[in-house]
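Analysis of the macromolecular model
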2 protein chains.
Amino acid sequence: MKKAVIIGVGMTPVGEHWKTSLRDLAVEALLNAMDDANLDKVDSLYVGNMISGPFVEQENLGALIADWAGLGHIPAVKIEAACASGGAAVQEGAKAVMSGLEDVVAVVGVEKMTDAWPSDATRYLAYASDAEWELFHGASFVALNALVMRYYMHTYGYTEEDLALFAVNAHINGAKNPYAMFKKPIKVETVLRSPYIADPLKLFDASPVCDGAAAVIITTPEKAKELGIPKEKWVEIAGMGRAIDTINLANRKDLLRLKAAEVAAERAYKMAGIEAKDVDLFEVHDAFTIMAALSLEAVGAAERGKGAELAKEGQIAIDGDYPIQTMGGLKSRGHPVGATGVYQTVEAALQLRGEAPNQVPDAEIALTQNIGGTGSNITVTILRRV
Amino acid sequence: MKKAVIIGVGMTPVGEHWKTSLRDLAVEALLNAMDDANLDKVDSLYVGNMISGPFVEQENLGALIADWAGLGHIPAVKIEAACASGGAAVQEGAKAVMSGLEDVVAVVGVEKMTDAWPSDATRYLAYASDAEWELFHGASFVALNALVMRYYMHTYGYTEEDLALFAVNAHINGAKNPYAMFKKPIKVETVLRSPYIADPLKLFDASPVCDGAAAVIITTPEKAKELGIPKEKWVEIAGMGRAIDTINLANRKDLLRLKAAEVAAERAYKMAGIEAKDVDLFEVHDAFTIMAALSLEAVGAAERGKGAELAKEGQIAIDGDYPIQTMGGLKSRGHPVGATGVYQTVEAALQLRGEAPNQVPDAEIALTQNIGGTGSNITVTILRRV
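Residues numbered from 1 in each chain as written. Chains lettered and ligands numbered in written order. Predicted model: local features only at pLDDT ≥ 70, side-chain atom pairs only at ≥ 80, totals over all residues. Heavy atoms only, no water.

Going by the annotation in an unreviewed UniProt entry, the name recorded for chain A is Nonspecific lipid-transfer protein, acethyl CoA synthetase, with Thermococcus barophilus given as the source organism.

1. Remarks on the pattern of salt bridges
Counted according to the given criterion, the structure contains 54 salt bridges over all chains. Residue Arg 23 of chain A pairs with Glu 132 of chain B through a salt bridge whose shortest N-O separation is 3.1 Å. Residue Arg 23 of chain A is located in helix 1 (residues 22-36), and its partner Glu 132 of chain B is located in the loop between helix 5 (118-125) and helix 6 (141-156); the two belong to separate chains. Judged by its relative accessible area of 41%, Glu 132 of chain B is partly exposed. The salt bridge involving Arg 242 of chain A is made with Glu 92 of chain A; its shortest N-O contact spans 3.0 Å. Of this pair, Arg 242 of chain A sits in strand 8 (residues 235-244) while Glu 92 of chain A is found in helix 4 (residues 85-99), placing the two residues 150 residues apart along the sequence. (Salt bridge = Lys/Arg side-chain N within 4 Å of Asp/Glu carboxyl O. Helix = DSSP H or I, 4+ residues; strand = E, 2+ residues; numbered from the N terminus. Buried < 20%, exposed > 50% of the residue type's maximum accessible area, 1.4 Å probe, protein only.)

2. Describing the interface of chain B and chain A
A common way to state how big an interface is: give the accessible area lost once the parts meet. With 64 residues of chain B at the interface, the matching set in chain A holds 64 residues. For the pair chain B and chain A, the summed buried area comes to about 5000 Å², and 53% of that belongs to carbon and sulfur atoms. Counting the contacts that link chain B with chain A gives ten salt bridges. One salt bridge connects Lys 95 of chain B with Glu 102 of chain A, and the closest N-O pair in it is separated by 3.9 Å. Taken together, chain B and chain A are joined by 42 residue pairs in polar contact (both at pLDDT 80 or more). Counting residues per element, the ones that place at least two in the side of chain B that touches chain A are helix 2 (52-56), helix 3 (61-68), strand 3 (76-80), helix 4 (85-99), strand 8 (235-244) and helix 10 (259-272) of chain B. Classifying every residue of the side of chain B that touches chain A gives 33 nonpolar, 15 polar and 16 charged. (Contact = heavy atoms within 4.5 Å. Buried area = accessible area lost by both parts, 1.4 Å probe. Polar contact = N/O pair within 3.5 Å; in protein donor to acceptor, adjacent residues only side chain to side chain. Nonpolar A, V, L, I, M, F, W, Y, C, P; charged D, E, K, R; others polar.)

3. Observations regarding empty space enclosed by the protein
All names here are of chain A. Applying the stated criterion to the full structure yields four cavities of 30 Å³ or more. Estimated volume of the largest cavity: approximately 80 Å³. Elements supplying a minimum of two residues to the lining of the largest cavity: helix 4 and strand 8. (1 Å grid on protein atoms, 1.4 Å probe; cavity = no way out; pocket = protein on both sides within 12 Å on 5 of 7 lines; lining within 4 Å. Points joined across faces, edges and corners; volume = space filled by probe spheres on them.)

4. Looking at the nonpolar core
Ranked by internal contacts, the top residues of the largest apolar core, which has 87 residues, are Ile 218 and Ile 237 of chain A together with Ile 237 of chain B. Met 149, Tyr 152, Val 284 and Ile 382 of chain A belong to the second-largest nonpolar core, a separate cluster that totals 55 residues. (Core = buried A, V, L, I, M, F, W, Y, C linked by side-chain atoms within 4.5 Å.)

5. A short note on helix 6 (residues 141-156) of chain A
All names here are of chain A. Here helix 6 is 16 residues long and its end C-alpha atoms lie 22 Å apart, about the 22 Å a rise of 1.5 Å per residue gives. Of all the positions in helix 6, only Phe 141, Val 142, Leu 144, Asn 145, Ala 146, Val 148, Met 149, Tyr 152 and Met 153 are classed as buried. Turning to helix 6, the residues buried within the fold contact helix 5 (118-125), helix 7 (160-174), strand 5 (196-198), strand 6 (201-202), helix 11 (289-298) and helix 12 (307-312). The first or second residue beyond helix 6 is Gly 157, which carries a positive phi of 75 degrees. (Expected span 1.5 Å × (residues − 1).)

Set out below in structure tokens:
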């Protein structure tokens, strides 16, 4: 099996892009990443996208984006794993390189969510849950996450203030990220004063509906050398894992355990030959503050029930032992669903290249964790400085 | 790079499955394939599906199907390449095996189309075209294919009768396939008497809106041996190619050339070390009769403008030099869009195992070609008897 390295990254700002279409967002990010790698062509394209059909009446995104970016007759497909589509697309792109079948692969994650009415957006997002058993009964993602949040607080004795700390941390970091949707630091009181959208979950516990695209270019070390990419830009995809869990939350044996993330992390750590303690920064899936807490536990950064403790102790800050959401996370950078996993990859790569606005000093290893559904489809990827 | 072999196949009948949901169709096909390979677990799942969101309000199909099939915490994603989703999923599954990252991979293609109103189905399918430049102006797939059909007839001097022969051949073969939607042989007159849906394209030039699922199990030859799968059941995935073309038909330099299929076929032939003349049977994408003609030309079975000639000469029949659609093709077996590429793979594998109802004598090499959009995303896969 060949090794895979990221040699270029690109993004669009996350926000409400009323005047830019899905294809234009994707092409912008893609060309930015190709520019970063100083390339004018690639061999193959993988698109991470959850739900362009309902949102913008467009599928066949592989052909659309490769065509519009002028990439010629290359292979191009879309990868869907709900909100983990971006993370899965990065892994599929890396796999194509590792197999030896493709030399230089582009991965772009894109989502255009603001063209739909907000009520429709909530419904479309619920397609990631069990449509016949959850969506049909009106259980939105916010509602399902609120259930988990309440149960977590009850079980381990946390308060709404405790979980709000994840949002506060995300905003502190996002404020320095020019690509972030919300660039304003907030306080715990801001979160607490925001309206309940599903008790105990408040508006500021949740990530926003938004638009954006991010891209990475992946190749082998041999090809990167041949292309003359300076080694400072290489970021190795050292470990990958992915796993599913019951799609329906009601079938979950333990509501407070992201078993899919545990399995995915275990596999990724094994492939990379490292442990959780070796990781310098974590980009986890804080679609809701409760998911940040559970994610930290699932990837081994905290023991069970201690995820929120890390936030209370200040360990999740840039200068803590477990820095998370270093460029704002889903909460502050934004969560254009199918693009998020690629944004995480870009941000982790920038950290490892030493080019992040909120640089984690001497970062060598980063972990990205991307969740689809209510913990039903999770990717974990380990990136390493070369 | 490792080799990949198919060791199990499964299908559901294609039809209007009013009482069966998408998940149940997919699980049925998947478990049939696992039974065929005598397995009770797999390491990973790839789902080929075009458009479950609009049709049945469900995404995250990887988690849904793996969960419902009881496969545990495995990796599972959906692959979308419009109507070529199934063909692309087979290739991604094979790539995972070839990379060495997965040992035993299941691929299931599934589509549930009949839950939507027919007018909505036409609209949803058009998401595979250029939504902003084609769909917006009301150009349905039938309309776009009718344009190409008229131009083909005009350029090369063919008649509607000539193209009808592709539908007739498909129905002759489909009549013997227990999994086909339409099991009744038809005559040229049947096609000609059917109503125009977009002149010169008639109802019987077109494949039906329908439901169905098909699955294959892929592994390495080493693992197949270890699992004790008899060699008669092995079918090698010998070559794979995939390419895109302009998503918008108006941007195509040559309307009568499936350039993406040419590029895909060239790559697949090269990987398999064979030429078009070595292929014993072709499962091509006859979503419309015109596409069968163009596909034969693109994969090198006929010169340009001579695809329909093969039908006139009887070469596309089981006993001809270029047998196509040996189990009914999209026209008679049916075209549950995202499942079609996997049905083609299953059917080709059955031919190479000598188990097809319309057996091509001594078939050793089969080619499947699966089209997404109006020729904008095409996969070509070469299968070989081991």
